[in-house]
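Chains, contacts and geometry: an overview
Read off the chains here:
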Amino acid sequence: MLRPIKTFLVIVLMTALIWAWAEQSQTRTLDKQTVNMDIAVPTDKFAICNEAGLWTASVPRQVTLDFNGPQDGIAKLSQMIERDEFPPPFEWRPDLGEGDDVRPVMVNLRDAFARSPLSDKLEKLHVVVTSVSPAKVELSVGRVRTYELPIVARFSDGVDRIATIKDEKAKVVLPVGLYDRLVKQKKAEIRADVQVQPDMTKPLKAVLAKHVEGFPIRATPAETLVTLNLQVTEYKLENVPVQPVFSRDFPWQDYNLESDKHQWRKTVVVKGYKPITAADVNMYLKFETGDKEPTAGLSRDVEIVLPEGFELKSPQKGDEARAIKFKFVKREERPPT
């Protein structure tokens, strides 16, 4: 009695497995899936110039895909797309031939899928790509070269200082087009970020930038030391212009300002750790509405604003050399014509 029952159960189990296998093996489609795909190039040889004219190692492209495969594979792929796990970035090697010029290159996306890690993902799911739209995309691609760039220290507090950098230059790999533009703009340098410390007498560690105008780099060396020049020097700046500034409610259009023009250029003495020019100093004299009455002459000290890290030695407030004498004379009204 038991043998027929066992046989029946085995048949039922085998039938269920066969039906399950048949169901899972049945071909399914996953059509019109729009995905964001990153197309990257190896940065040791190539770079991409995007639509904004910036150099980058990869560009995003939106692609519509159709798939065929077993039901379970299609289901897993659909979940991966929903979680933004597909497609992963893939590296594409263009064929530029000779020369360093930037060139438009067509990428066949169907071939790119077949020759990239994307195909490995699909192969494990037993899923194939049946359609790619657009079939091709055009990219502007150029070569990269190794260059030596001077290192420039940039301090975390934004203050420029005179400093000696242990490594004067660093080797970086840059797109040829980017380097040429930096040379023309006189910006062919690499930043070394320095964290300001309470004790500035010791050499400070500086970490070289990992990007130049957005393009990823690996500078050699990656770090250097910066020693500050802490010797205070006096600088005498002559003919620094003073700018008149009127309050918002001052009726300047009704008055003439009378003052000796020679007073509107001053000589100042400052001290600091680095050179400074007259263009770095901001001097102004502000006029309020009360300055137009009485009409007798007035005198007032100019305001002097120095860059951070500098100290004013002269002229101090109250010094005659810092004052400007002036008066406002009301303009005569013109009779109507």
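Conventions and cut-offs
- Residues numbered from 1 in each chain as written.
- Predicted model: local features only at pLDDT ≥ 70, side-chain atom pairs only at ≥ 80, totals over all residues.
- Heavy atoms only, no water.
- Helix = DSSP H or I, 4+ residues; strand = E, 2+ residues; numbered from the N terminus.
- Rg over C-alpha atoms; globule rule 2.2 N^0.38 Å.
- Buried < 20%, exposed > 50% of the residue type's maximum accessible area, 1.4 Å probe, protein only.
- Contact = heavy atoms within 4.5 Å.
- Lys, Arg positive; Asp, Glu negative; His and termini not counted.
- Charge placed at Lys NZ, Arg CZ, Asp CG, Glu CD.
- Core = buried A, V, L, I, M, F, W, Y, C linked by side-chain atoms within 4.5 Å.
- Axes fitted to C-alpha atoms, helices over the stretch in contact; angles between N-to-C directions.
- Parallel < 35°, antiparallel > 145°, perpendicular 65-115°, else oblique.
- Nonpolar A, V, L, I, M, F, W, Y, C, P; charged D, E, K, R; others polar.
- pLDDT = per-residue confidence, 0-100.
- Pairing = 2+ DSSP bridges.
- Expected span 1.5 Å × (residues − 1).
- Arc of directions from axis to C-beta.
- Salt bridge = Lys/Arg side-chain N within 4 Å of Asp/Glu carboxyl O.
- Polar contact = N/O pair within 3.5 Å; in protein donor to acceptor, adjacent residues only side chain to side chain.

**Some details on the overall build of the protein**
When helices and strands are tallied, the protein shows 5 helices and 23 strands. For the protein, whose C-alpha radius of gyration is 36 Å, the value lies well above the compact-globule estimate of 20 Å for 337 residues. The C-alpha extent of the protein, read off along each of the three principal axes, is 130 × 65 × 55 Å. Per-residue burial over the protein gives 34% buried out of 337 residues. Partitioning the contacts of the protein with sequence separation of at least 6, the portion at a separation of at least 24 is 74%. For the protein, the separation between the mean place of its 49 positive charges and that of its 48 negative charges on side chains is 2 Å.

**Quick look at the environment of Lys202**
Tracing the sequence through the fold places Lys202 in the loop between β11 (190-194) and β12 (204-208). Overall, Lys202 belongs to the exposed group, its relative accessible area being 54%. Put simply, Lys202 and Leu225 are 23 residues apart on the chain and 9.7 Å apart in space, counted from C-alpha to C-alpha.

**As for the nonpolar core**
The nonpolar side chains of a soluble globular protein tend to be buried with one another. Ranked by size, the top nonpolar core spans 33 residues in total, and within it Leu65, Phe67, Leu77, Phe86 and Trp92 carry the most contacts. When neighbours within four sequence positions are excluded, Trp92 is seen to be in contact with Ile39, Ala40, Val41, Pro42, Val105, Met106, Val107, Leu139 and Val141. With 30 residues, the next largest nonpolar core counts Trp55, Ala153, Ala170 and Leu204 among its residues.

**A few points about the packing of helix α2 (residues 71-82) against helix α4 (residues 117-125)**
Contact geometry of α2 with α4 gives a least axis separation of 9 Å together with a crossing angle of 140°. The orientation of α2 relative to α4 falls into the category oblique. Contacts between α2 and α4 pair Gly73, Lys76, Leu77 and Met80 from the former with Lys121, Leu122 and Leu125 from the latter. Residues of the contact of α2 with α4, tallied by class, amount to 4 nonpolar, 1 polar and 2 charged.

**Notes on the confidence of the model for the protein**
Scored by pLDDT, the protein comes out at a mean of 85, with 90% of its residues at no less than 70. Within the protein, the lowest mean pLDDT, 50, falls on helix α1 (residues 2-25), and the highest, 96, falls on strand β10 (residues 169-175). Counting contacts from residues 16-25, a segment whose pLDDT is below 50, to residues more than four positions away or on other chains yields 6 contacts.

**Some words on the sheet that holds strand β7 (residues 128-133)**
Taken together, the 4 strands give an open sheet; going across it, the order is β5-β1-β4-β7, and neighbouring strands pair in mixed fashion. Where the open sheet ends on each side, the last strands, each with one partner, are β5 (90-91) and β7. Summarising the sheet, strand β1 (residues 27-40) and strand β4 (residues 58-70) pair through 12 bridges and their orientation is antiparallel. For Ala40, the partnering residue across the bridge sits in β4 and is Ser58. α2 rests against β1 and β4 of the sheet, and its axis sits at about 160° to β4.

**Focus on the pairing of β1**
Where β1 and β5 come together, 2 bridges link them in parallel fashion. Note on β5: the bridge partner recorded for Ile39 is Phe90.

**Looking at the sheet that holds strand β21 (residues 303-305)**
Here 5 strands make up an open sheet; going across it, the order is β21-β19-β16-β18-β22 and the pairing mixed. Where the open sheet ends on each side, the last strands, each with one partner, are β21 and β22 (311-314). Looking at each pair of strands side by side, their axes are set apart by 40° on average, direction ignored. Where strand β16 (residues 233-246) and strand β18 (residues 265-272) come together, 7 bridges link them in antiparallel fashion. Across the sheet, Tyr235 pairs through a bridge with Val270, a residue of β18.

**Focus on α2**
One turn of the α-helix equals 3.6 residues, which is why residues spaced by three or four share an orientation. The terminal C-alpha atoms of α2, which comprises 12 residues, lie 17 Å apart, in line with the 16 Å expected from a rise of 1.5 Å per residue. Taken together, the buried positions of α2 are occupied by Gly73, Ile74, Leu77, Met80 and Ile81. The arc enclosing the buried residues of α2, seen along the axis, measures out at 120°, which places them on a common side. Contacts from the buried residues of α2 go to β1, β4 and α4. Residue Asp84 follows α2 closely and has a positive phi angle near 60°.

**Side note on the side chain of Arg322**
Along the chain, Arg322 falls in the loop between β22 and β23 (323-330). Summary of buried charges: Arg322 has no salt-bridge partner, and the nearest side chain of opposite charge, Glu303, is 4.6 Å away. From its side chain, Arg322 meets the backbone oxygen of Val302 in a polar contact 2.9 Å long. Other than its neighbours up to four places away in sequence, Arg322 contacts Lys266, Arg300, Asp301, Val302, Glu303, Ile304, Leu312, Pro315, Gln316 and Lys317.

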